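# Fold and geometry: a report
Take a look at the letters that make up each chain.
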Amino acid sequence: TTTASIDPSRASARRQEASLHPRSAAMQDCRWHTASMATEDDVRRLALGLREVTEKPSYGTPGFRVKDRLFARVHEMPNVLLLRRPSVEDREALISSNPAAFFTTDHYEGHPSVLVRLPEVDVDELRELIEEAWECRAPVNVRKLGPRPE
């Protein structure tokens, strides 16, 4: 299996800043930004807007696949999304940057997936996370064309 690496220059400035200067738990709970919080409807709209993506149930919940390779799915836990990451190390860095938004469970130990609490991320960040997950799973010939059909 080939994994894509995520270009750090494309990563959210907010996530980069958080990884350099972790916010206190009190700050993570504040809603200083005006962007809307993400929903399952946003997940579906954003995922299906990417190149070669189809929706197909996975473990009884909506799953999103690029060329039949699962990269995201709505989790059984309410308002939680499972997303593929390039590596377990990347997942751990993401969790460390904002544990209010990102987490994992023992079930995913050793697997490069992260759980996202949708109410804790805004739509812009969700878009970046979904595109990064798509890049991890898209076949090379599809990935070369980019995530968004023009």
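These numbers were taken from a predicted model, which means no experiment stands behind them. (Residues numbered from 1 in each chain as written. Predicted model: local features only at pLDDT ≥ 70, side-chain atom pairs only at ≥ 80, totals over all residues. Heavy atoms only, no water.)

## Comments concerning the overall build of the protein
Scanning the protein for helices and strands turns up six helices and six strands. Secondary structure elements of the protein occur, N-terminal to C-terminal, as α-α-α-β-β-β-β-α-β-β-α-α. Taking all 150 residues of the protein together, the buried fraction comes to 45%. Sequence separation of at least 24 residues holds for 58% of the intrachain contacts in the protein that already meet a minimum separation of 6. For the protein, the exposed area adds up to about 8,200 Å²; of that, 52% sits on carbon and sulfur atoms. (Helix = DSSP H or I, 4+ residues; strand = E, 2+ residues; numbered from the N terminus. Buried < 20%, exposed > 50% of the residue type's maximum accessible area, 1.4 Å probe, protein only. Contact = heavy atoms within 4.5 Å. Areas by Shrake-Rupley, 256 points an atom, 1.4 Å probe, with all protein chains shown as cover.)

## With respect to the pairing of strand E4 (residues 80–84)
Among the five residues in E4, five count as buried, and that is most of the element. Covered by surrounding structure in E4 are Val-80, Leu-82 and Arg-84 together with Leu-81 and Leu-83, the residues of both alternating faces. Inspection of the sheet shows strand E3 (residues 69–74) paired to E4 by three bridges, in the antiparallel sense. Paired with Ala-72 across the bridge in E4 is Leu-83. Linking two consecutive strands that pair antiparallel, namely E3 and E4, is a turn of five residues; a positive phi of about 60° is found at Asn-79 within it. Pairing analysis gives five bridges linking E4 to strand E6 (residues 113–117), with the strands arranged antiparallel. Pairing of Leu-81 across the sheet is with Val-116, part of E6. (Pairing = 2+ DSSP bridges.)

## Remarks on unusual backbone geometry
Positive phi, normally seen in glycine, also occurs at Glu-52, with a value near 60°. Along the chain, Glu-52 turns up in the loop between helix H3 (40–48) and strand E1 (53–58). With relative accessibility at 43%, the residue Glu-52 sits in the partly exposed group. One non-glycine residue with positive phi stands out, namely Asp-68, at about 65°. Tracing the backbone through its elements, the reader meets Asp-68 in the loop between strand E2 (61–66) and E3.

## Focus on the pattern of salt bridges
Pairing is possible between side chains that carry opposite charge, provided their charged atoms lie close to one another. By the definition in use, this model includes eleven salt bridges. Lys-67 serves as the salt-bridge partner of Glu-52, at 3.7 Å between the closest nitrogen and oxygen. One end of the pair, Glu-52, is in the loop between H3 and E1; the other, Lys-67, is in the loop between E2 and E3, and 15 residues separate them in sequence. One salt-bridge network, in which partners are shared between bridges, spans Lys-56, Arg-65 and Asp-68. (Salt bridge = Lys/Arg side-chain N within 4 Å of Asp/Glu carboxyl O.)

## Things to note about the layout of surface pockets
Of the volumes computed, that of the largest pocket is approximately 320 Å³. Looking at the largest pocket, it is lined by 17 residues, and the ones nearest its centre are Tyr-59, Arg-73, Leu-82, Tyr-108 and His-111. Among the elements of the structure, E3, E4 and E6 are those that each provide at least two residues to the lining of the largest pocket. Considered class by class, the residues forming the lining of the largest pocket number nine nonpolar, five polar and three charged. (1 Å grid on protein atoms, 1.4 Å probe; cavity = no way out; pocket = protein on both sides within 12 Å on 5 of 7 lines; lining within 4 Å. Points joined across faces, edges and corners; volume = space filled by probe spheres on them. Nonpolar A, V, L, I, M, F, W, Y, C, P; charged D, E, K, R; others polar.)

## Describing the pairing of E6
Most of E6 sits out of view: four of its five residues are buried. The sheet contact formed by strand E5 (residues 102–103) and E6 spans two bridges and is antiparallel. The residue bridging Phe-103 from the neighbouring strand is Leu-115, located in E6.

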